[in-house]
Amino acid sequence: MALAASLSHNQIFLGTLAALSIAIICVFAAPEKRGPALRIYGLLALAVIIIRLAFRVVFNNADSSLETALTLPQVNITILGQTTHYFGAVPQLSLIEGLTDGLRLAAIILGVAMANTVANPRKLLRSTPSALYEVATAAAVAINLAPQLLVSLQRVRKARALRGTSTSLRNLGGLLIPVLEDSIQRSLDLAASMDSRGFGRRGVMSRRTAAMSRLASLFGIVGLAIAGYLLLATAVAAWITVLLLVLALGLFYTSVRLSAIHSIRTRLTIEKRRLADYLVLLASTLVVIVLAVNQIPGVGTNGWLK
Amino acid sequence: MVEVISIRDLSFSFTDAESPVLRRLNLDYEQGKFALVCGPTGSGKSTLLRALNGLIPHHSSGLLTGEVFIDGVQFAGKQPHEVAHLVGFVNQQPEGAFVTDTVLEELAYGMEQLGISETQMRERISRFAALFGLSELLEKPLDSLSGGQQQRVAIASALIAGQQILLLDEPTSALDVESAHQLLLLLKDLSRKQGITVLLAEHRIERVLDLVDSVTVVHGDGSASKAMTATGLDAVLRNYKMVPPVIELGQKMGWQPLPLNVAGAKAAWDGKPGSVQPRVSNPTGERLLQAAGVCVSYGNTLAVSDVSLELAAGSITAVVGPNGSGKSSLLWALQGSLGFSGSVNLADGSTPGSHSPQLRLKHIALVPQNASDLLVLGSIAQELADSDEFAGAARGTTAEIFRSLAGRIDPSRHPRDLSSGQQLALVLAIQLAKGAAVVLLDEPTRGLDYEAKRKLAVQLAELKDFGKAILIASHDVEFVAAVADIVMLLRKGSVAASGSATEVLPTLADHSPQVWQVTHSALTVSEVLA
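This section reports on the structure supplied with the text. None of these values were measured; they are calculated from a predicted model.

Structural notes on the sheet that holds strand E10 (residues 224-227) of chain B
Two pairing modes exist for strands in a sheet, parallel and antiparallel, and in both the strands are linked by backbone hydrogen bonds.
Residue and element names in this part refer to chain B.
And step 1. Judged by pairing direction, the sheet is mixed, and its 6 strands sit side by side in the order E6-E7-E8-E3-E9-E10 without closing on themselves. Strands at the two margins of the open sheet, each flanked by one partner only, are strand E6 (87-90) and E10. The sheet shows a mean angle of 15° between the axes of neighbouring strands, direction not considered.
And step 2. Bridge count for strand E9 (residues 214-218) against E10 is 4 bridges, and the pairing is antiparallel.

Set out below in structure tokens:
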């Protein structure tokens with residue numbers, strides 16, 4: 001959905017996306033996570049819109065040819081012989097552009113918020129193919145570290161306040177050292193625990209196959225990243241993007257197949273896909289499909305999304 | 001007896017270290033026995049344990065030589081995951097070692113890594129859940145469990161793939177007395193009934209000694225000695241300053257053979273009781289802090305409910321109670337950092353919360369559980385100078401306090417390289433530099449070994465002689481017995497008992513100080529005259 005938001009310029013569409021994200025958080029997030037998540041991400045999204053608009057109002061390059069929405073007294077400030085204008089006539093179009101920009105960012109933020117609140121990075125681990133297992137583990141651990149970092153930070157800040165010292169910039173290092181020490185210690189503990197319980201065991205696999213599997217997954221990831229960039233940049237012909245995407249996915253598939261043959265890991269199936277999961281999945285896929293159609297030349301360029 | 005673990009000529013030294021932590025150790029552990037590995041902090045007991053499952057040397061840098069045989073197969077130097085099907089490992093902090101979110105997934109994790117089939121997994125999960133009393137909790141998120149429940153999950157997960165050896169590194173350090181006791185009984189049961197070989201590293205050994213089959217003392221100079229019998233243990237512990245109260249009492253009374261548990265000591269005492277000179281503690285100093293009807297709530301939960309107390313100059317008060325009984329919340333509320341209802345007044349009638357954090361330190365200081373959080377600079381000297389400057393005190397004021405608490409320590413050392421006890425002393429000195437008359441300490445003995453605890457007790461006695469009013473929150477009954485004049489027992493946020501140490505501590509029954517359980521007239525060994 002965040003991907004969709006970054007591609008679109010339509011205010012109604014963006015508004016719908018944001019509303020959908022909020023709705024999903026409200027319905028499916030764990031009750032104790034819902035409140036803080038909505039507050040933090042909601043405020044962030046709102047702040048982004050307001051800042052975007054404020055920028056347009058303050059720094060507008062008054063173009064008299066455009067219809068003016070509101071007129072403020074213009075402030076001219078001259079620094080080193082350069083005069084800059086602030087406030088003054090604000091064109092309607094400029095405001096709308098600002099609003100759209102803000103909405104876009106807000107929709108992206110809310111989309112990420114939804115994924116973060118509803119989905120659980122550790123659950124992600126359960127549904128990754130075994131070739132990607134190691135990459136996914138690293139990612140899940142990294143994602144998990146963020147909330148732990150916040151907890152440590154709060155604890156250390158509270159402790160530092162006891163010493164009466166302010167939490168000013170001078171003390172930032174002092175604040176960070178215990179927090180970093182904490183999180184590094186946690187990661188090491190987790191790594192030790194996973195290793196002690198057999199993480200990293202594998203069946204017999206020849207060196208060549210192992211190397212091939214690694215290479216395939218590496219190129220796959222790089223390919224996907226480039227394809228993703230091209231999709232957003234849209235400066236290159238569409239067929240190159242599609243070709244790269246197919247190639248990357250193919251490499252990925254090979255690496256998954258190669259590793260799966262030699263993996264000894266088993267799975268306990270616990271996840272019953274709930275209605276909620278299906279809905280989230282459906283909504284996201286739909287959006288992406290609509291956009292993909294929109295990207296196809298001739299259909300989308302002048303389509304309703306632009 | 002079948003020796004399931006045989007250690008031959010095992011040595012380990014950390015990179016950069018001058019002398020090895022373990023030097024040519026030869027030890028054997030029998031199948032189905034409960035073995036205690038003890039020694040002061042930093043002596044190498046945890047290193048020894050980790051060398052048995054490959055965490056040493058693979059998760060720390062250093063050189064390991066020698067051999068470790070498990071069921072006759074040499075495993076020293078192998079990766080932890082290569083030993084995972086034979087050896088289960090449980091850490092100090094279970095929540096830091098959990099890989100998944102729920103009890104069920106955590107139990108399955110190890111088996112998934114080892115490639116156990118799904119039908120077998122389900123069968124084992126239901127069997128282990130029943131054995132460890134987790135059946136009701138399977139769907140629960142791990143972070144919603146109590147510390148004791150979390151440790152049970154950790155132990156079950158370590159054994160569920162059929163491992164016959166269990167290594168535990170200070171598993172009770174974050175638990176209160178009752179949960180710790182339950183955990184130790186569970187371990188004894190595992191060895192006795194399930195035939196699991198259990199190796200437990202601990203420095204709080206007073207509640208463990210009479211449950212185990214053997215004791216290995218890691219001395220800190222690289223050597224280790226193992227004792228199977230009481231007399232052997234007597235010899236091992238005698239030239240060592242880390243004995244629990246019941247052993248100390250036995251040594252003072254000259255009992256032969258040395259009783260290891262309260263029951264044995266009680267029999268010896270009842271046969272020929274010693275004389276007791278109970279201490280008198282009747283704090284009469286000026287009232288430095290008075291709290292009435294203090295309540296603290298988080299959302300809808302009441303953490304502290306209607307607590308009133310007075311702290312007098314030259315006295316030590318202890319708040320005791322299980323984890324989650326509101327001890328910490330009470331301390332933070334008294335200090336003024338945590339919102340509360342009720343009243344807290346200092347000697348001059350003001351409320352701590354009404355002063356800015358800086359000014360507050362002139363009256364009241366709090367040392368939190370993780371004391372090292374307060375240390376941020378690169379050397380002790382810098383910390384001391386910064387503290388003087390900040391307190392507006394003469395140069396050397398903090399250094400003076402620090403020296404009186406911790407003795408002479410090279411001021412160029414990095415605060416993070418100090419032992420927990422030394423860090424605590426440094427933080428205490430910094431917090432006291434502004435001359436606060438009321439001192440609050442939250443769980444000060446956490447992570448301290450016997451020697452460090454003894455030093456802390458002396459430091460607190462010194463502060464008491466200076467006329468400070470001291471309040472400690474602790475679940476360490478033996479430490480409280482050694483230092484406190486007044487004891488307040490909290491249960492679920494409310495005061496369950498309050499009075500002099502001699503009145504309140506005996507009411508804790510099974511959890512009362514060991515010397516009290518033996519003598520019924522003295523709280524500590526020092527009150528007993530041989």
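Let's pick the thread back up.
Here we look at unusual backbone geometry
Residues and elements named next belong to chain B.
And step 1. Note that the residue after Ile-56, namely Pro-57, is joined by a cis bond; omega there is 5°.
And step 2. Here Pro-57 is to be found in helix H2 (residues 55-58).
And step 3. Omega for the peptide link from Gln-256 to Pro-257 comes to -10°, which places this bond in the cis form.
And step 4. Looking at the secondary structure, you find Pro-257 in the loop between helix H10 (245-253) and helix H11 (262-271).
And step 5. Positive phi outside glycine occurs at His-520, with the angle close to 55°.

Examining the interface of chain B and chain A
And step 1. Contact with chain B, which involves 55 residues of that partner, is made by 40 residues of chain A.
And step 2. Between chain B and chain A, a total of about 4,200 Å² is buried, with carbon and sulfur atoms accounting for 50% of that surface.
And step 3. Where chain B touches chain A, the interface holds 4 salt bridges.
And step 4. Between Glu383(B) and Arg163(A) there is a salt bridge, and its shortest N-O distance comes to 2.9 Å.
And step 5. Across the chain B-chain A interface, the total number found is 11 residue pairs in polar contact (both at pLDDT 80 or more).
And step 6. A total of 9 residues in the side of chain B that touches chain A trace back to one element, the largest contributor, which is helix H5 (residues 103-113) of chain B.

Thoughts on the sheet that holds strand E13 (residues 301-312) of chain B
All names here are of chain B.
And step 1. Pairing is antiparallel across the open sheet formed by 3 strands, whose spatial order is E13-E12-E15. This sheet does not close on itself; its edge strands, each paired only once, are E13 and strand E15 (341-346). Across the sheet, the mean angle separating the axes of adjacent strands is 10° when strand polarity is ignored.
And step 2. Relative to E15, strand E12 (residues 287-298) runs antiparallel, the two being bridged by 5 bridges. When the bridges of E15 are listed, Ala-292 appears paired with Ser-343.
And step 3. Strands E12, E13 and E15 of the sheet are contacted by helix H12 (residues 327-335), whose axis makes an angle of about 120° with E12.

Comments concerning the packing of H5(B) against helix H6 (residues 118-131) of chain B
All names here are of chain B.
And step 1. The contact between H5 and H6 brings their axes to 10 Å, and the two run at 130°. Comparing their axes, H6 and H5 come out oblique. Of the two elements, H5 crosses H6, and the hand of that crossing is right-handed. Note on element contacts: H6 touches H5 through Met-121, Arg-124 and Ile-125, opposite Leu-104, Leu-107, Ala-108, Met-111 and Glu-112.
And step 2. Looking at the contact of H5 with H6, its residues break down into 6 nonpolar, no polar and 2 charged.

Procedures and definitions
- Residues numbered from 1 in each chain as written.
- Chains lettered and ligands numbered in written order.
- Predicted model: local features only at pLDDT ≥ 70, side-chain atom pairs only at ≥ 80, totals over all residues.
- Heavy atoms only, no water.
- Pairing = 2+ DSSP bridges.
- Helix = DSSP H or I, 4+ residues; strand = E, 2+ residues; numbered from the N terminus.
- Axes fitted to C-alpha atoms, helices over the stretch in contact; angles between N-to-C directions.
- Contact = heavy atoms within 4.5 Å.
- Buried area = accessible area lost by both parts, 1.4 Å probe.
- Salt bridge = Lys/Arg side-chain N within 4 Å of Asp/Glu carboxyl O.
- Polar contact = N/O pair within 3.5 Å; in protein donor to acceptor, adjacent residues only side chain to side chain.
- Parallel < 35°, antiparallel > 145°, perpendicular 65-115°, else oblique.
- Left-handed = near helix turned anticlockwise from the far one by under 90°.
- Nonpolar A, V, L, I, M, F, W, Y, C, P; charged D, E, K, R; others polar.

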